[in-house]
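A structural walkthrough
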Amino acid sequence: MANQSKLIFENNLVEGPSSVSYSGTEISGFEKENAYDYLDFSTFKPQVSATTNLDFTMGSSQTVQALGIFAKKVGGSGLDINVFYESSPSTFTSLGSFTNLDGALSILDITDTTSVSGRRFRIQFVSDSTQYEIRQLFLGPLISLERGQYVGVNPPTLTQGKILNNSISVNGALIGSTVKREKVITRIEQEFNTQSWIRGTWESFTSRAASGKGFFYQWNPTDYPDEVVYCMAQKVDAPENISPTPLMRAGLTAICRQPDE
Amino acid sequence: MTYDTQKVKAGKEPVQILEIDVRACSLTYGTGACTASGAAGTECFNSFATCQDQANYANVTKTFRFSSVPLDGLQSAGDCPTFPTLMGVSTTPTVLTPAKGFGIRSKVTVNLMDMPWSDVGIDKYRDNRTYNPLEQGSFWSKFMSRWPFYENNEIRIKTGYLDDNGNYDASNFITRTYFLDTIAGPDKNGRVTIVGKDILKFADGEKANIPDQSQATLTDDITAGATSFDIVDPQSQISNGDYIRIDEETMLITNRVGDTLTVTRAAMPSTYTGTMTAEEHSEGSTVQHCHFFNAEQVDDILYYLLNTGAGIPASYLPTSEWQDTIDFGLENYLFTALITEPTPVKDLVKELTEHSILVWYDERAQKVKMDSIMWRAVDYGPFNDDSHIIADSVSVARDDKSRFSQCWLHYGLRTPVSEMDELKNYAAVKLTADLDAEGVNEYDQSKIRKIFSRWLPLEKQNVASEIANRLVNYYRDTKNAITFSFEPKDDSAWTGDRLELATRLIQDQFGATSLREYRVISVRERFSKGIVSYDYTAHSTGGIYEGSVSRYGVITPNSMGDYPSETLENKSRYAFIAYDDRGDGNEGFPTLDRPYLIL
């Protein structure tokens with residue numbers, strides 16, 4: 001079915017590693033933790049004019065299939081990222097390479113890999129002299145929703161709603177106006193799902209989302225694969241059985257962050 | 001781009017930012033000057049409350065920022081990011097009561113959401129901690145343990161607009177500065193409420209008194225005739241040349257050797273005309289040192305009270321602006337008073353304001369302002385219903401209660417220890433009455449304002465007369481009290497400023513909407529749901545009918561030109577005799593230009 005949205009909600013950069021290290025020089029207040037704290041307003045600044053590695057020493061059986069990246073737009077064109085896995089001690093195998101990621105809000109496919117305890121995932125930053133900033137990095141499994149979404153789902157990547165407040169003078173002249181951005185809100189709706197998918201995948205997603213952890217959401221990977229938002233759940237519905245049994249329905253309301261303008 | 005260019009644009013996107021300063025240590029745990037030596041994971045949080053080597057604590061200012069929308073661009077190295085958790089800001093503005101005290105002082109209440117935080121930008125040693133700060137505790141709960149000594153720290157509210165690309169630019173913001181009073185929460189809903197007050201809170205009696213409380217005491221009983229005696233003075237507060245007060249007697253110290261004082265008994269400055277009697281005093285009695293203001297100008301007294309007394313930094317006290325106020329007709333205001341017991345600075349400033357003076361905190365200029373009730377040229381305007389006043393925001397009231405037709409200014413306090421609110425303790429009263437205002441054709445009644453002044457000795461009859469005349473002239477008529485709202489494009493006028501405004505709700509006898517002059521009594525910034533507006537309350541400088549106001553001027557130098565050719569500043573400062581052609585061939589001043597009273 002078309003329009004089976006995709007998610008990265010399990011960030012193995014947070015859930016998997018026993019230790020994290022960065023080979024470059026960190027800037028106080030913009031340290032590596034900001035890249036995987038689920039918060040889009042804190043940023044990590046990789047070292048400029050250098051190739052530096054962010055290494056995550058993993059536990060066992062951590063699966064990665066995609067890199068989710070949300071980068072602040074600073075106006076440069078020289079930020080590349082390479083993803084590696086330590087396939088044997090101190091031997092790193094490339095899982096994917098991506099270029100020009102300034103301002104990116106993207107889900108990038110990498111080679112499916114499952115970690116062995118003590119081995120490292122490496123995210124390598126290749127930066128020119130521009131100071132780039134990373135809002136969020138996710139490395140984890142890429143989950144497709146079980147069903148396509150139906151008419152009525154709002155594309156969260158289109159124009160952000162705005163409210164214009166116009167001030168009128170006593171005698172009726174337009175004397176000023178202000179703009180307030182509306183929240184970008186979307187619904188992820190699932191119907192006619194199997195009980196096993198709800199229990200095995202959806203519950204895993206919503207349990208994380210309900211604890212305040214963000215996720216990357218690609219609402220229509222078939223037609224608009226570049227349209228990705230970074231989301232936080234606002235309301236998580238309890239799944240319910242629907243007719244014809246034993247199928248189920250579930251849903252979630254999320255507040256979304258679009259790429260920087 | 002600047003705030004003034006951005007605020008006039010249509011489609012501007014308003015943003016509010018809160019900045020909170022805290023005191024933090026610049027050292028690194030166990031390194032250099034810091035001798036703390038705990039195990040890894042038990043380090044401090046670079047705050048005094050968590051410091052393990054307080055003797056070597058090295059104070060610097062650390063700033064936390066919170067915004068109403070996600071905002072990049074404020075964070076510098078070493079800072080936390082700007083947390084987009086600012087839920088709302090409400091302001092209680094300064095309200096002026098011209099020549100009647102401090103009025104209402106400004107206050108700001110800020111609501112924030114609590115959140116988990118990784119301690120980046122806060123905890124230098126988080127790699128050593130044995131817990132994940134994102135999963136243990138929340139920002140504000142931890143803040144309260146790390147920085148419990150937050151009271152009186154500076155907080156700033158910045159209001160402004162994103163640039164045309166939706167980005168932050170510091171020059172597009174204006175700042176209002178307050179001082180932290182309370183932090184409540186986080187509550188069960190994760191909300192935190194911060195209250196900040198204006199800098200004049202430091203003048204409150206619980207914080208600042210002039211003179212400060214003496215700890216000196218008599219070591220033995222003394223007789224009424226003793227001119228030398230010993231004291232215990234643990235804080236070295238008593239100096240040669242000081243006046244001191246013991247019980248109800250003041251004395252002048254003529255010599256101090258060690259803890260032995262030689263004094264002139266029952267002494268007080270010569271400006272006091274009453275009598276004082278030397279009395280016996282008992283061992284252990286407090287020897288209170290006094291502060292003597294000796295023929296000082298108001299701005300100098302105010303500076304001493306607020307800077308030395310209340311500890312307000314000089315950067316908040318624009319003495320050159322105050323001097324400008326003094327130079328505009330207050331040159332004769334030389335005040336004298338011996339303050340013989342600890343008196344709240346706030347009360348002393350309030351007393352000063354009753355002498356036709358205004359003192360208030362301008363949170364936007366971040367300065368304590370001083371002005372007088374003297375008529376001066378307007379600062380802003382003209383404003384009108386067409387282009388400035390927001391629809392449905394205007395209302396007009398008549399401030400009947402503030403009007404008075406007589407001023408009884410009691411002065412010449414007989415002794416510095418006399419009760420200030422008893423008539424018998426004053427040598428004189430200056431009574432000024434406006435008989436026209438009291439006549440049957442006007443208000444047909446007398447309304448009296450009484451002022452008890454410790455600052456004017458009997459010899460200052462001329463100053464008492466000036467003050468009483470000015471007060472009656474200013475308050476003889478009922479004033480229009482008008483409230484209205486402006487768009488940000490017209491927000492330049494602020495508390496204390498004078499402006500010209502015309503609204504159809506105030507008309508002349510012919511029904512024409514006429515331009516009137518007002519003083520801004522209060523301004524409240526409203527910022528809600530993306531809408532910014534400024535609610536003004538202003539009082540007319542004259543009465544509710546035209547022609548009732550005169551302006552003051554000093555006698556002009558010979559070099560002064562004719563009235564029409566002179567600058568606005570000179571017209572505001574100097575008195576001109578009626579011009580022989582007001583523009584229509586007749587004698588007098590042009591319409592709206594008031595006649596002068598010569599100082």
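Structure report, in brief. (Residues numbered from 1 in each chain as written. Chains lettered and ligands numbered in written order. Predicted model: local features only at pLDDT ≥ 70, side-chain atom pairs only at ≥ 80, totals over all residues. Heavy atoms only, no water.)

Quick look at the overall build of chain A now. When helices and strands are counted, chain A shows 2 helices and 17 strands. Counting only C-alpha atoms, chain A reaches 75 × 55 × 30 Å along its principal axes. Across the 261 residues of chain A, 55% fall into the buried class. Considering only residue pairs separated by 6 or more positions, chain A has 76% of its internal contacts joining residues 24 or more positions apart. Accessible surface, chain A as shown: approximately 10700 Å² in total, 48% of it carbon and sulfur. (Helix = DSSP H or I, 4+ residues; strand = E, 2+ residues; numbered from the N terminus. Buried < 20%, exposed > 50% of the residue type's maximum accessible area, 1.4 Å probe, protein only. Contact = heavy atoms within 4.5 Å. Areas by Shrake-Rupley, 256 points an atom, 1.4 Å probe, with all protein chains shown as cover.)

This next bit is on the overall build of chain B. Along chain B, the regular secondary structure elements total 8 helices and 30 strands. Projecting the C-alpha coordinates of chain B onto the three principal axes gives extents of approximately 85 × 80 × 45 Å. Out of the 599 residues belonging to chain B, those deemed buried represent 54%. Accessible area of chain B: about 24800 Å², with a carbon and sulfur share of 46%.

With that settled, consider helix α4 (residues 319-327) of chain B. Residue and element names in this part refer to chain B. Listing the buried residues of α4 in full gives Trp 322, Thr 325 and Ile 326. Each buried residue of α4 sits inside an arc of 100 degrees when the element is viewed along its axis, so together they form one side. Of the surrounding elements, those touching the buried residues of α4 are β15 (291-297), α3 (298-309) and β19 (367-372). Looking one or two places after α4, you find Gly 329, whose phi comes out positive at around 100 degrees. (Arc of directions from axis to C-beta.)

Each partner contributes residues to the interface: chain B has 42 residues there, and chain A has 30 residues. For the chain B and chain A pair, buried surface summed over both sides reaches about 2800 Å², with 54% attributable to carbon and sulfur atoms. A salt bridge links B:Arg126 to A:Glu31; the nearest nitrogen and oxygen atoms lie 3.4 Å apart. Inspection of the chain B/chain A interface yields 18 residue pairs in polar contact (both at pLDDT 80 or more). Broken down by class, the residue content of the side of chain B that touches chain A amounts to 16 nonpolar, 13 polar and 13 charged. (Buried area = accessible area lost by both parts, 1.4 Å probe. Salt bridge = Lys/Arg side-chain N within 4 Å of Asp/Glu carboxyl O. Polar contact = N/O pair within 3.5 Å; in protein donor to acceptor, adjacent residues only side chain to side chain. Nonpolar A, V, L, I, M, F, W, Y, C, P; charged D, E, K, R; others polar.)

Before going further, it helps to spend a moment on the sheet that holds strand β9 (residues 133-140) of chain A. Residues and elements named next belong to chain A. The antiparallel open sheet is built from 3 strands, whose spatial order is β7-β4-β9. Since the sheet does not close on itself, it has two edges, and those belong to β7 (105-114) and β9, each with one partner. Ignoring strand direction, the axes of neighbouring strands in this sheet form an average angle of 20 degrees. (Pairing = 2+ DSSP bridges. Axes fitted to C-alpha atoms, helices over the stretch in contact; angles between N-to-C directions.)

This part takes up the environment of B:Asn111. All names here are of chain B. Within the element layout of this structure, Asn 111 appears in strand β4 (residues 107-113). With residues near it in sequence (within four places) discarded, Asn 111 still touches Thr 85, Leu 86, Met 87, Gly 88, Val 192 and Thr 193. A distance of 3.0 Å separates a polar atom in the side chain of Asn 111 from a polar atom in the side chain of Thr 193.

The next point concerns the pattern of salt bridges. Residue and element names in this part refer to chain A. All chains considered together, the criterion is met by 58 salt bridges over all chains. In this structure, Arg 208 engages Glu 15 in a salt bridge whose closest nitrogen and oxygen atoms are separated by 2.6 Å. Residue Arg 208 is located in helix α2 (residues 195-209), and its partner Glu 15 is located in helix α1 (residues 12-15); the two are separated by 193 residues in the primary sequence. By relative accessible area, which is 14% here, Arg 208 ends up buried.

What follows deals with the sheet that holds strand β11 (residues 243-246) of chain B. Residues and elements named next belong to chain B. Pairing is antiparallel in the open sheet, where 6 strands are placed in the order β9-β10-β13-β12-β11-β14. The sheet is open, and its two edges are formed by β9 (217-218) and β14 (288-289), each paired on a single side. Relative to strand β12 (residues 249-257), β11 runs antiparallel, the two being bridged by 4 bridges. Paired with Ile 244 across the two strands is Met 251, which belongs to β12.

This paragraph deals with helix α7 (residues 461-475) of chain B. End to end, α7(B) covers 21 Å across 15 residues, agreeing with the expected 21 Å (1.5 Å per residue, within 8%). Listed in full, the buried residues belonging to α7(B) are B:Val463, B:Ala464, B:Ser465, B:Glu466, B:Ile467, B:Ala468, B:Arg470, B:Leu471, B:Val472, B:Tyr474 and B:Tyr475. (Expected span 1.5 Å × (residues − 1).)

So, about a negative patch on the surface. Among the surface-exposed residues, B:Asp220, B:Asp221, B:Asp230, B:Glu280 and B:Glu283 lie close enough to one another that they form a single negatively charged patch. Tracing the backbone shows B:Asp220 in the loop between β9 and β10 (228-232). (Patch = residues over 30% accessible without salt bridge, like charges linked within 9 Å, V, L, I, M, F, W, Y side chains within 5 Å. Lys, Arg positive; Asp, Glu negative; His and termini not counted. Charge placed at Lys NZ, Arg CZ, Asp CG, Glu CD.)

Another aspect to go through is empty space enclosed by the protein. All names here are of chain B. Going through the model one piece at a time under the given rule, you end up with 5 cavities of 30 Å³ or more. As for the second largest cavity, its lining consists of 14 residues, and the residues nearest its centre are Cys 25, Leu 27, Cys 34, Cys 44 and Cys 51. Residues of the lining of the second largest cavity, tallied by class, amount to 8 nonpolar, 5 polar and 1 charged. (1 Å grid on protein atoms, 1.4 Å probe; cavity = no way out; pocket = protein on both sides within 12 Å on 5 of 7 lines; lining within 4 Å. Points joined across faces, edges and corners; volume = space filled by probe spheres on them.)

A separate point is the pairing of strand β6 (residues 91-98) of chain A. All names here are of chain A. Direction of pairing for strand β5 (residues 79-88) relative to β6: antiparallel, over a ladder of 7 bridges. Each residue of the ladder has a partner; that of Asn 82, found in β6, is Ser 97. Taken together, β5 and the strand that follows it, β6, pair antiparallel across an intervening segment of 2 residues, in which Ser 90 is found at a positive phi of about 65 degrees.

Residue and element names in this part refer to chain B. One pass over the structure, following the stated rule, counts 49 aromatic pairs over all chains. Geometrically, the ring pair formed by Phe 83 and Trp 117 is edge-to-face, given 5.0 Å between the ring centres and 85 degrees between the ring planes. You can see Phe 83 sitting in the loop between β2 (59-67) and β3 (86-92) and its partner Trp 117 sitting in the loop between β4 and α2 (139-146), a full 34 residues away along the chain. You'll find Phe 83 and Trp 117 in the same group, each marked buried. (Phe/Tyr/Trp six-rings, centres within 6.5 Å; stacked < 30°, edge-to-face > 60°.)

This paragraph deals with the packing of α3(B) against α4(B). All names here are of chain B. Two elements in contact, α3 and α4, have axes whose closest approach is 9 Å; the angle formed by their N-to-C orientations is 150 degrees. Crossing handedness for the pair α3 and α4: right-handed. Facing α3, whose interface residues are Val 298, Asp 299, Leu 302, Tyr 303 and Leu 306, α4 presents Thr 319, Trp 322, Gln 323 and Ile 326. Counted by class, the contact of α3 with α4 contains 6 nonpolar, 2 polar and 1 charged residues. (Left-handed = near helix turned anticlockwise from the far one by under 90°.)

So, about the packing of α3(B) against helix α5 (residues 345-353) of chain B. Residue and element names in this part refer to chain B. At their nearest, the axes of α3 and α5 sit 10 Å apart, and the two run at 165 degrees to each other. If you check the angle between α3 and α5, you find them roughly antiparallel. Of the two possible hands of crossing, α3 and α5 adopt the one that is left-handed. Counting all contacts with α3, which are made through Ile 301, Leu 302, Leu 305, Leu 306 and Gly 309, the residues of α5 involved are Val 345, Leu 348, Val 349 and Leu 352. Of the residues contributing to the contact of α3 with α5, the split by class is 8 nonpolar, 1 polar and no charged. (Parallel < 35°, antiparallel > 145°, perpendicular 65-115°, else oblique.)

All names here are of chain B. Following Gly 185, the chain continues into Pro 186 via a peptide bond in cis, with omega recorded as 5 degrees. Mapped onto the secondary structure, Pro 186 falls in the loop between β6 (173-184) and β7 (191-197). Unusually for a residue other than glycine, Asn 152 sits at a positive phi of about 75 degrees. The topology assignment puts Asn 152 in the loop between α2 and β5 (154-161).

Turning to the environment of A:Gly148, a few remarks are in order. All names here are of chain A. In this structure, Gly 148 sits in the loop between β10 (143-144) and β11 (162-168). The exposure class of Gly 148 is buried, given its relative accessible area of 3%. Distance in space between the C-alpha atoms of Gly 148 and Pro 239 is 17 Å, their sequence separation being 91 residues.

Another aspect to go through is the nonpolar core. Residue and element names in this part refer to chain B. Ranked by size, the top nonpolar core spans 68 residues in total, and within it Leu 306 and Phe 335 carry the most contacts. In terms of residue count, α7 provides more of this core than any other element does, 8 residues in total. Setting aside anything within four residues of it in sequence, one finds Phe 335 in contact with Phe 293, Asn 294, Ala 295, Glu 296, Val 298, Ile 301, Leu 352, His 355, Trp 455, Leu 456, Val 463 and Ile 467. Among the nonpolar cores identified, the runner-up in size contains 30 residues, and Val 89, Ile 122, Phe 139 and Phe 143 belong to it. (Core = buried A, V, L, I, M, F, W, Y, C linked by side-chain atoms within 4.5 Å.)

All names here are of chain B. Per the stated rule, a full pass over the model turns up 0 disulfides over all chains. The structure places no disulfide on Cys 44, whose sulfur is separated from the nearest cysteine sulfur, that of Cys 51, by 6.1 Å. The cysteine Cys 51 is free of any disulfide, with Cys 25 supplying the nearest cysteine sulfur at 5.8 Å. Relative accessible area serves as the criterion here: at 16%, Cys 51 is assigned to the buried category. (Disulfide = S-S within 2.5 Å.)

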